[in-house]
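So you can see what is in the structure, the chains are spelled out below.
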Amino acid sequence: MPYLDLFTTPLTAKTAAHLLRRATFGPTQGEITAFTGQTATQAVQTLITNSNYNPPQPVDLDSTRPTAGQPYLRNSSTPAGQYLPFDGDRNFDYGLYIKYWWIGQMIGQSGTPNLLDKLTLFWQNHFVTTRETVDDYRFVWSYLILIRNNALGNFRDLVTKMTKEPAMLRFLNGDMNEVGAGKANENYARELQELFTMGTVDPDGNANYTEDDVKAAARVLTGWKYTNHWNTGSTTFTTTFTANKHDTGTKTFSGKYNGKIISTPTTVPAGFANVGEYELNELITMMLAHPQTSRFICRKLYRWYVNANVTPDIETNVVIPLGALLVSSNWNIRPVVEKLLTSQIFFDAANIGAMVKSPADLLLGTTRFFNQPLPALPASVAPYKTLSDFLHWRMRDLQLDLMDQPTVFGYDAFYQTGYSRNWINTTTMALRNDFTDALIWRWLTVDAATNYKYGIDLLAWVTGLQSGFGNITTTTSTPPGTPPITCVVVLDAFLLNLFATDLAQTQKDFLIDKIMMMDQSPRTTWEFEWNQYRRTVTYPASYSATQIKNARDTINWRLQTLMRYLLRMAEYHLV
């Protein structure tokens, strides 16, 4: 197998859909069509180029307030480097609205498909902090934008900036880490090695660092603080380094780091604002030099984009070469993502449909695939919030609470044995079915003013498949001018790009005969019923209200039953 060799075959609908499902939160039919025929290189470059780093800010989504639809972090008159005064009374709401802002980016794709926000979720689940623990909406926003703006950037820069980010200092108690007996806090020093750089052990089970390395790293990281957390009315916050809180002693690391020594210089070296920054740079340089760091990062990217199962073969032929590329690219992330998403191994048939959809892939991808628009801001504040509420709280029930992971390890299904299969259990499967059923029954009114109901208008969809819909006689004794569409045509339309994997003909026959026709009627019955529905629509004056309703309900029930079953099939939950 060529592994990381370039995939040169022009994209088919199947491989284009695969790329879009894995690199974004799911494609629309139009996007699949647009990417079909492109090379993998062209497609990935498009997904990168389309990334929007300057979307509109979050706005107040409480439609009962005069500030509805207005930014609450900064506005056009806010001085550079400042925020609008912190409002503790709205702290929970504003933090929640940042989540809803991000959902908007994931669904809207800024008007064009891009890989930025799917990759941002990867890094947010790598450098975990949570809205609940950070507990200051400005800190949450600064942290999210740091990740989003650097998702395709330089890993060295990202991990360095993350170490000093106020949200991270608060989440992992970095601000409590000071010189002095009993004052050291090792939380961040431990996670920096265990989760953020090289990982606990290598693939052979050998420890990558020691407990003494954790203690030494914690000493290097003493003295960093944040300002103005939850300070009502404050318009700024920042990270500071307090020299008299910093441990100036010699820090000696184990043989895992070749006995590296980090000492506090007597004067601040050129290019650094303080000795804390200098020592942090030495620490990060040391950790990036560890042979397992680049592999740990690339292994996680492989599992995120390709397959959870990292065999020794994949370790040798994919992870190690990608790690070498990350190092040779001076720790720039973009070349690694490009290489992986354009590789033979990414498009290998065994990796298509090899993972279970995360709640974000399921809910947001379904919303996109069936063209359910997110109402525009700031014009439609209440409808935007209605749909965001619906999606956010259901993702939360399905174990993906956006920016509120259960632990610093991230979402369970992205680190536990079994990986994405952990998204599925008896409780979440029922909740997944409840969600897809909502598309069928269309009970959620998103916007009453425009009669926007969340869900699929199956009758309108199938009517659009029928050429010459009204070319039919009023009586059943005369053949229609245009023959009716068949069950096969309907099923094929419903299945178009719906699943990552193909169905066998026996499955298709089962879906028509046992589900759509309910194991009661021959397929020709559908054609008779469809023609009757066509007649009642074309010649309503010739039929009673009851006849019109019955004709519509008969067709609608068959379509709803079929689509409901399709969305409950195991194949729909694979990506």
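These figures come from a predicted structure and were not determined experimentally.

### Here's the deal with the overall build of the protein chain
Argument step 1. Of the regular secondary structure elements, the protein chain holds 24 helices and six strands.
Argument step 2. Here the C-alpha radius of gyration of the protein chain, 28 Å, is about what a compact globule of 575 residues would show, namely 25 Å.
Argument step 3. Each of the three principal axes of the protein chain carries a C-alpha extent, and together these read 100 × 60 × 40 Å.
Argument step 4. Buried residues in the protein chain amount to 54% of all 575 residues.
Argument step 5. Excluding contacts between residues fewer than 6 apart, the proportion of contacts in the protein chain whose partners are at least 24 apart in sequence is 73%.

### A closer look at helix H12 (residues 275-289)
Argument step 1. Taking 1.5 Å per residue, 15 residues should reach 21 Å; H12 reaches 21 Å between its end C-alpha atoms and fits that length.
Argument step 2. The set of residues buried in H12 consists of Val 275, Gly 276, Glu 279, Leu 280, Glu 282, Leu 283, Ile 284, Met 286, Met 287 and Leu 288.
Argument step 3. Structurally, the start of H12 carries an N-cap: the backbone nitrogen of Gly 276 is 3.0 Å from a side-chain oxygen of Asn 274.

### Remarks on the environment of Trp 141
Argument step 1. Along the polypeptide, Trp 141 turns up in helix H7 (residues 137-150).
Argument step 2. A relative accessible area of 8% places Trp 141 in the buried class.
Argument step 3. Along the backbone, Trp 141 and Gln 57 are 84 residues apart, and their C-alpha atoms lie at a distance of 9.9 Å.
Argument step 4. Once residues within four sequence positions are removed from consideration, Trp 141 is found in contact with Pro 58, Leu 73, Arg 74, Tyr 83, Ile 98 and Trp 101.

### Structural notes on the packing of helix H4 (residues 91-108) against H7
Argument step 1. Running from N to C, H4 and H7 point in directions that differ by 20°, and their axes come no closer than 9 Å. Judged by the angle between their axes, H4 and H7 are roughly parallel. Two packed elements cross with a definite hand, and for H4 against H7 that hand is right-handed. From H4, Asn 91, Tyr 94, Gly 95, Ile 98, Trp 101, Trp 102 and Gln 105 reach across to H7, where they touch Tyr 137, Val 140, Trp 141, Leu 144, Ile 145 and Arg 148.
Argument step 2. Across the contact of H4 with H7, the residue classes tally to nine nonpolar, three polar and one charged.

### Concerning a nonpolar patch on the surface
Argument step 1. On the surface, a cluster of nonpolar side chains totalling about 370 Å² of accessible area is made up of Trp 441, Trp 443 and Trp 557.
Argument step 2. Along the chain, the position of Trp 443 falls in the loop between helix H19 (426-441) and strand E5 (445-447).
Argument step 3. Assessed through its relative accessible area of 46%, Trp 443 is described here as partly exposed.

### Overview of H4
Argument step 1. With 18 residues, H4 extends 25 Å between its outermost C-alpha atoms, agreeing within 8% with the 26 Å of an ideal straight helix rising 1.5 Å per residue.
Argument step 2. Among the 18 residues of H4, 15 are classified as buried, and the element is accordingly described as predominantly covered.

### Observations concerning the pattern of salt bridges
Argument step 1. What the rule picks out here adds up to 32 salt bridges.
Argument step 2. Of the charged contacts, one joins Glu 186 and Lys 215 as a salt bridge, the two residues approaching to 3.5 Å between their closest N and O atoms. Residue Glu 186 is found in the loop between helix H9 (166-171) and helix H10 (187-196), and its partner Lys 215 is found in helix H11 (residues 211-220); the two are separated by 29 residues along the sequence.
Argument step 3. Take Glu 186: its relative accessible area is 24%, and that puts it in the partly exposed class.
Argument step 4. For Arg 334, the salt bridge identified is with Glu 338, shortest N-O distance 2.8 Å. On the criterion of helical spacing, the pair formed by Arg 334 and Glu 338 is a turn pair, its members being four residues apart in helix H15 (residues 333-341).
Argument step 5. Overall, the relative accessible area of 33% leaves Arg 334 in the partly exposed class.
Argument step 6. A cluster of three or more residues bridged by salt bridges with shared partners is formed by Lys 99, Arg 131, Arg 396, Asp 401 and Asp 404.

### Some remarks on the packing of helix H17 (residues 359-369) against helix H18 (residues 381-397)
For any two helices packed against each other, the geometry is given by the interaxial angle and the distance between the axes.
Argument step 1. Closest axis-to-axis distance for the H17/H18 pair is 9 Å, and the angle between their directions is 155°. Judged on the interaxial angle alone, H18 and H17 are roughly antiparallel. The element H17 and its partner H18 pack so that their crossing is right-handed. Residues Pro 359, Ala 360, Leu 363, Leu 364 and Thr 367 of H17 form the contact with H18, whose own contacting residues are Leu 391, Arg 394 and Met 395.
Argument step 2. Grouping the constituent residues of the contact of H17 with H18 by class yields six nonpolar, one polar and one charged.

### Some thoughts on the packing of aromatic side chains
Argument step 1. The full count for this structure, using the stated rule, is 43 aromatic pairs.
Argument step 2. Centre to centre, the rings of Phe 122 and Trp 123 are 4.8 Å apart; their planes meet at 75°, and the pair counts as edge-to-face.
Argument step 3. Residue Phe 122 is classed as buried on the basis of its relative accessible area of 4%.
Argument step 4. The structure contains a cluster of three or more aromatic residues connected by ring pairs, namely Phe 122, Trp 123, Phe 127, Phe 155, Tyr 188, Phe 196, Trp 304, Trp 331, Tyr 411, Phe 414, Tyr 419 and Trp 423.
Argument step 5. Above the ring of Phe 25, the side-chain terminus of Lys 118 is found at 5.4 Å from the ring centroid.
Argument step 6. Seen from the ring of Tyr 572, Lys 357 lies directly overhead, with NZ or CZ sitting 3.7 Å from the centre.

### Some points on the nonpolar core
Argument step 1. Counting 175 residues, the largest nonpolar core has Trp 123 and Leu 566 as its most contacted members.
Argument step 2. Counting residues per element, this core draws most heavily on H4, which supplies 10 residues.
Argument step 3. In this structure Trp 123 touches Ile 147, Ala 151, Phe 155, Leu 158, Ile 297 and Ile 333, once residues within four positions along its chain are discounted.

Reading guide: rules and limits
Residues numbered from 1 in each chain as written. Predicted model: local features only at pLDDT ≥ 70, side-chain atom pairs only at ≥ 80, totals over all residues. Heavy atoms only, no water. Helix = DSSP H or I, 4+ residues; strand = E, 2+ residues; numbered from the N terminus. Rg over C-alpha atoms; globule rule 2.2 N^0.38 Å. Buried < 20%, exposed > 50% of the residue type's maximum accessible area, 1.4 Å probe, protein only. Contact = heavy atoms within 4.5 Å. Expected span 1.5 Å × (residues − 1). Polar contact = N/O pair within 3.5 Å; in protein donor to acceptor, adjacent residues only side chain to side chain. Axes fitted to C-alpha atoms, helices over the stretch in contact; angles between N-to-C directions. Parallel < 35°, antiparallel > 145°, perpendicular 65-115°, else oblique. Left-handed = near helix turned anticlockwise from the far one by under 90°. Nonpolar A, V, L, I, M, F, W, Y, C, P; charged D, E, K, R; others polar. Patch = residues over 30% accessible without salt bridge, like charges linked within 9 Å, V, L, I, M, F, W, Y side chains within 5 Å. Areas by Shrake-Rupley, 256 points an atom, 1.4 Å probe, with all protein chains shown as cover. Salt bridge = Lys/Arg side-chain N within 4 Å of Asp/Glu carboxyl O. Phe/Tyr/Trp six-rings, centres within 6.5 Å; stacked < 30°, edge-to-face > 60°. Lys NZ or Arg CZ within 6 Å of the ring centre and 35° of its normal. Core = buried A, V, L, I, M, F, W, Y, C linked by side-chain atoms within 4.5 Å.

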